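Listed below, chain by chain, are the residues.
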Amino acid sequence: MVARKKTSTQEQEGQVEEVLSADELKAVSEGEPVESAVHKKRTVVVAEDESVNRMDLVAMLEDNGYEVVGEAANGEEAVDLTRKFRPDIVCMDVKMPRMDGIAAAGVICDENIAPVVMLTAFSQPDLVRQATGAGAMAYVTKPYEESKLLPALEVAMGRFSEINDLLDNVETSENKLKETEEQLKKAEEKLKKAEEKLKKAEDTLEERKLVDRAKGLLMDKADFSEQGAFRWIQKTSMDQRIPKKRLAMAIIAKYGDPKPSEVGE
């Protein structure tokens, strides 16, 4: 960020002039030169079917530093020009041929291209409800006056920016939540595999203990060598398709020491 040079008074007081506005900083962050960002005008599409009113509105906007990039005489043209130029703001008359301003505002707002300020000679509550329902950010009645129009444009652009910032934050939060859910799912899958491995290890350990005990009983009761007892258990398990754990338990049941209850009987 480039700051303006301090004046001697500012140097003494330790103050620095404001450098760039929020919009200028945003433009610079998007790669525009500082000079271009400082002098960039806000762009407008004007939609008004009465040519005289449209000319007056365009002149008012240009006198106040706006750049009118498109002029439309009906709602369809307004939508097309807004899609083409993607202006900072759209001034839309309500009563227009082919497509009225409320319908055109609905299309523009649904596509989230630009904020819309509705312009009309009527101040009827139902029109206001329809306009806001279509997504219009502000509503100005004719005749156009700078004191009413310019603040409405600023309010509309501010609301539009806030809404889009909120949508960006929501989208970012949703993406983070999705990533967290995916990470949690992967962690659960890893935990499940770890539990399966642990259970398998526990089963293997239990099987080894039983086989070792059965092997000892065969050596003691049937005069097998250690290697011979193990081979017999292994071969019998394969030939008869009996799990070694089950076979070992059968050997223990046959040759093992009787339980205290069995001795008492």
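Residues numbered from 1 in each chain as written. Predicted model: local features only at pLDDT ≥ 70, side-chain atom pairs only at ≥ 80, totals over all residues. Heavy atoms only, no water.

(A) Local environment of the overall build of the protein chain. Per the secondary structure count, the protein chain includes eleven helices and five strands. Relative to its 265 residues, the protein chain shows a buried fraction of 31%. Expressed as a percentage of contacts within the protein chain between residues at least 6 apart in sequence, the contacts between residues at least 24 apart total 56%. (Helix = DSSP H or I, 4+ residues; strand = E, 2+ residues; numbered from the N terminus. Buried < 20%, exposed > 50% of the residue type's maximum accessible area, 1.4 Å probe, protein only. Contact = heavy atoms within 4.5 Å.)

(B) The sheet that holds strand β1 (residues 42–47), seen in detail. A sheet is described by the order of its strands in space; here five strands give the open sequence β2-β1-β3-β4-β5, paired in parallel fashion. Where the open sheet ends on each side, the last strands, each with one partner, are β2 (66–72) and β5 (138–141). The sheet shows a mean angle of 25° between the axes of neighbouring strands, direction not considered. Both β1 and β2 contribute to a ladder of six bridges, which runs parallel. Opposite Val44, over in β2, you have Val68 as the bridge partner. Contacts between helix α5 (residues 75–85) and the sheet are confined to β1, β2 and β3 (89–93), with β2 contributing the most and set at about 140° to the helix. (Pairing = 2+ DSSP bridges. Axes fitted to C-alpha atoms, helices over the stretch in contact; angles between N-to-C directions.)

(C) Structural detail: the packing of aromatic side chains. The final tally for this structure, using the stated rule, is one aromatic pair. Look at Phe224 and Trp232: their rings are 6.2 Å apart centre to centre, the planes differ by 50°, and that puts the pair in the tilted class. By relative accessible area, Phe224 is classed as partly exposed at 29%. (Phe/Tyr/Trp six-rings, centres within 6.5 Å; stacked < 30°, edge-to-face > 60°.)

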